[in-house]
Protein chains: 2
Amino acid sequence: MLTHPTFIPVGTLGSVKSLTPQDLKNIGVEIFFSNTYHLYLQPGEKTVKKMGGLHKFSGWNGKIITDSGGFQVFSLGKNKGKQGRLIKITEEGVEFRSHLDGSLHFLTPEKSISIQHDLGANYLIAFDECVPYPSSQRYTKEALGRTHRWAKRSLAHHQKLNKNQKKKQAIYGVVQGGYYKNLRQLSADFISSLDFDGLAIGGVSVGEPKNKMREAVSWALPTLLKTKKPIHLLGVGEIDDLFDFFEAGVTSMDCTIPTRLGRSGHFFYRSKNQKEDLKNRFHQDITKARFQKDSQPLDPNCSCPVCKNHSRAYLRHLFKSHELLSYRLLSYHNLHFIISLVGEIRKTIDTPQKFKSLKSSWLGR
Amino acid sequence: MLTHPTFIPVGTLGSVKSLTPQDLKNIGVEIFFSNTYHLYLQPGEKTVKKMGGLHKFSGWNGKIITDSGGFQVFSLGKNKGKQGRLIKITEEGVEFRSHLDGSLHFLTPEKSISIQHDLGANYLIAFDECVPYPSSQRYTKEALGRTHRWAKRSLAHHQKLNKNQKKKQAIYGVVQGGYYKNLRQLSADFISSLDFDGLAIGGVSVGEPKNKMREAVSWALPTLLKTKKPIHLLGVGEIDDLFDFFEAGVTSMDCTIPTRLGRSGHFFYRSKNQKEDLKNRFHQDITKARFQKDSQPLDPNCSCPVCKNHSRAYLRHLFKSHELLSYRLLSYHNLHFIISLVGEIRKTIDTPQKFKSLKSSWLGR
């Protein structure tokens, strides 16, 4: 299973946007996160299977984790489409329309697990329902009941498929329960009691305030930690999150932030002004006028090839000119920055004094 | 000066689209072509100069050639804008509006050369007027007279600037004359008679039929060859062009084809079916359904890392999903394909029998 702590970049369609598998290896990435919903719609899990599975298809010989598709079905389906609401939830599963062509699809726990087995990731995630924020306690409870029944069905189907295949896959159950302490605790108890290989915490980043998210995680974590199983936090990964959740015992987090920020012209950077850095969440906007003739690398303390070879002025020029190279170079640097930081966290995480000192040098607390 | 033969990819804004300087080096690129018009508008030649010149700014320690800006001024300005026609030509120079923000600019031979000196490329090109195709003989003759007077002004200004700088730059004169044999020959005579370091043939690729382009080159070439100076053919570089023009004595060509094709989902490929290859100009459309489950590399005979690590099926999936990585990988392969081919041509160009055999194996003639 994964080493504590691990940061997992997102490669939705089997590619961490703009970067090659060799880039990921050079950066020190061990695993990326792919989205079942997207790969099911294109190129289709059967195509990926025919091509030898997602590792071979994408040319990546590190590890891969796939999600269940649930999060995307619910987050892309929460708006009304031309044909009415885009999703319909029943006990059996979820009917939804493709965001690509409006075609109708039906996803069940068994279907999600089968797709994930076809994709062939090292780690799968059980099918769950993510409720929007805010949702009533009544609805959240109803959805949670379904998520728990779907967890059992996901696990059973996974075990059946795993038995018949040579390359064994591991499965994570998902704790849900919205922003209700009793439901989160109930969910943590229930999911912990099942025979999952790992435990994930879901539904904590769909537009809710950050303090809410942290609270929801804190309600579930103590129970999950007792199992000694790896714990994955879904869709979280700002710098303060990395320190706080890894410290709290979370094993891994996946997040689009490094590459998404890169594509929007932001770069990670640590100055000598901690207050400013915290305010900026350790990133800067490359389009700022002050970078126009700035010959410094993005981050003078960074050892990545982008910082070795290019100035802020050049990257600003490329980004402002919509040059493809800018998205690639900014994504590379940002991912390198986060993976390096998590490397430092990993080195100190078992020595509380050293960890506290590292954390305080970044966060001032 | 440049080795015969040399293929020059285009890096309009100081970046060969989607590729890093290290990629170019790995591919075997020796020089890229940048556009004065674009760099003058953004980030501005003064910014580039402040940052140490285009080599340092872009992180490229190979060679660079810049054009005069003339071609872009005329090709981007041939349509009417909101404020009327986008360009106004006088003896002194050309008034034009920026394609970015509509702002008014005035480019003269002296200004173009000064900008190119600020950019600091190894090779500059004299400022010229490109007439659209078709143009009347009367107008083409008038424009050619201006181009010749501008050539002398460009050269004089370049010599003045070169005298005062440590790092000497070399300048190419440009033969124009549209599709009129007498004018092309007149221009070849005149440009050859001036003290340029190299001679370029211009205005042969602005939407004219291919046989016209070839004719126009053939009218100028004999005179240029007599000078023994390097000859550059502007904006040409399909595979048959590479064979025919390098054979005819052209030293170098620049062309956007490899990277532009890549960004539009086309990849260079040589099959065993020469007739098909010629019909397809040696490239294929990756979106074709037959590549959906094709586990072969783009070109099974190619040694580039894209072909080593990825299948057509994966590249098709990336391109169809609008993944940034597809533009990068297809551009890399295409440029590698062309640079490798020109490498083979270079090896045989001085041994006519070997060259003929190589050419015939590709073109069947």
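What counts, and where the lines are drawn
- Residues numbered from 1 in each chain as written.
- Chains lettered and ligands numbered in written order.
- Predicted model: local features only at pLDDT ≥ 70, side-chain atom pairs only at ≥ 80, totals over all residues.
- Contact = placed C-beta atoms within 7 Å.
- Helix = DSSP H or I, 4+ residues; strand = E, 2+ residues; numbered from the N terminus.
- Nonpolar A, V, L, I, M, F, W, Y, C, P; charged D, E, K, R; others polar.
- Least-squares fit on C-alpha atoms with pLDDT ≥ 70 in both.
- Pairing = 2+ DSSP bridges.
- Axes fitted to C-alpha atoms, helices over the stretch in contact; angles between N-to-C directions.
- Buried ≥ 20, exposed ≤ 12 C-beta atoms within 10 Å, placed from the backbone.
- Parallel < 35°, antiparallel > 145°, perpendicular 65-115°, else oblique.
- Left-handed = near helix turned anticlockwise from the far one by under 90°.
- Domains from an automatic or database assignment.
- Right-handed = clockwise from strand over helix to strand, strands pointing away.

Caption draft 1: Broad picture of the interface of chain A and chain B. With 32 residues of chain A in contact, the opposing surface of chain B contributes 32 residues. Looking at the side of chain A that touches chain B, the elements that each hand over two or more residues are α3 (45–50), α4 (54–58), α14 (312–320) and α15 (324–348) of chain A. Looking at which element gives the most residues to the side of chain A that touches chain B, the answer is α14 of chain A, with five residues. When its residues are assigned to classes, the side of chain A that touches chain B shows twelve nonpolar, 14 polar and six charged.

Caption draft 2: Structural context of the relation of the copies chain A and chain B. Overlaying chain A on chain B yields an RMSD of 0.0 Å, the required transformation being a rotation through 180° with an accompanying axial translation of 0.0 Å. Both copies of the chain, as the preceding transformation shows, are related through a two-fold rotation axis. Closest approach to the rotation axis among the C-alpha atoms of chain A is made by Leu-324 of chain A, whose C-alpha sits 3.8 Å away. Both copies present the same face, since 100% of the interface residues in chain A are matched by interface residues at the equivalent positions in chain B.

Caption draft 3: Quick look at the sheet that holds strand β6 (residues 87–89) of chain B. Residue and element names in this part refer to chain B. Taken together, three strands build an open sheet; the order of strands is β6-β7-β8 and the sheet is antiparallel. The outermost strands of the open sheet, each flanked by one partner alone, are β6 and β8 (104–107). On average, each strand axis in the sheet is tilted by 15° relative to the strand beside it, whichever way the strands run. Pairing geometry for β6 and strand β7 (residues 94–97), over three bridges, is antiparallel. Bridge pairing links Ile-89 to Val-94 in β7.

Caption draft 4: View of helix α6 (residues 109–119) of chain A. All names here are of chain A. Of all eleven residues in α6, nine are buried; the element is thus mostly enclosed. Burial in α6 covers these residues: Pro-109, Lys-111, Ser-112, Ile-113, Ile-115, Gln-116, His-117, Asp-118 and Leu-119. At the C-terminal side of α6, Gly-120 shows a positive phi close to 80°.

Caption draft 5: Local environment of the sheet that holds strand β8 (residues 104–107) of chain A. Residue and element names in this part refer to chain A. Across the sheet, three strands lie side by side as β6-β7-β8; this open sheet has antiparallel pairing. On the outer flanks of this sheet lie β6 (87–89) and β8, each paired with one strand and no other. Taken pair by pair, the neighbouring strands of this sheet meet at an average axis angle of 15°, ignoring direction.

Caption draft 6: Summary view of the packing of helix α10 (residues 239–248) of chain A against helix α16 (residues 352–363) of chain A. Residues and elements named next belong to chain A. Where α10 meets α16, the closest approach of the two axes is 10 Å, and the angle between their N-to-C directions is 160°. Judged by the inter-axis angle, α10 sits roughly antiparallel to α16. As for how α10 packs across α16, the hand of that crossing is left-handed. Contacts from Ile-239, Asp-240, Phe-243 and Glu-247 of α10 reach α16 at Phe-355, Lys-359, Trp-362 and Leu-363. When its residues are assigned to classes, the contact of α10 with α16 shows five nonpolar, no polar and three charged.

Caption draft 7: Layout of the domain arrangement of chain A. Residues and elements named next belong to chain A. Once the domains are mapped, chain A shows domain 1 (6–255) and domain 2 (268–340). A C-alpha centroid distance of 31 Å is found between domain 1 and domain 2. Counting from both sides, the interface comprises eleven residues of domain 1 and, opposite them, ten residues of domain 2. Secondary structure elements with two or more residues in the side of domain 1 that touches domain 2: β1 (6–9) and α1 (21–27). Its residues assigned to classes, the side of domain 1 that touches domain 2 comprises six nonpolar, two polar and three charged.

Caption draft 8: Expanded view of the pairing of strand β2 (residues 31–34) of chain A. All names here are of chain A. A two-sided burial pattern is seen for β2, the buried positions comprising Ile-31 and Phe-33 on one face and Phe-32 and Ser-34 on the other. Two elements, β2 and strand β3 (residues 63–66), share four bridges in a ladder whose sense is parallel. Bridged to Phe-32 within β3 is Ile-64.

Caption draft 9: View of the pairing of strand β10 (residues 170–175) of chain B. Residue and element names in this part refer to chain B. Within β10, five of the six residues are buried, which leaves it mostly tucked inside the rest of the structure. When strand β9 (residues 123–125) meets β10, the two strands line up parallel, connected through three bridges. Bridge pairing links Ile-125 to Tyr-172 in β10. Note that the unit made of β9, helix α7 (residues 137–163) and β10 has a crossover that is right-handed. When β10 meets strand β11 (residues 198–201), the two strands line up parallel, connected through four bridges. By the bridge assignment, Val-175 is partnered in β11 with Ile-201.

Caption draft 10: Inspection of unusual backbone geometry at higher detail. Residue Pro-43 of chain A is reached from Gln-42 of chain A by a cis peptide bond, and omega for that bond is 5°. One can find Pro-43 of chain A in the loop between α2 (36–41) and α3. Residue Pro-134 of chain B is bonded to the preceding Tyr-133 of chain B through a cis peptide linkage, with omega at -5°. Turning to its location among the elements, Pro-134 of chain B is positioned in the loop between β9 and α7. Despite not being glycine, Ser-18 of chain A shows a phi value in the positive range, around 80°. With a phi close to 50°, Arg-281 of chain B is a non-glycine residue in the positive phi region. The residue Arg-281 of chain B is located in the loop between α12 (274–279) and β15 (283–285) in this model. Its 14 C-beta neighbours within 10 Å are what place Arg-281 of chain B among the partly exposed residues.

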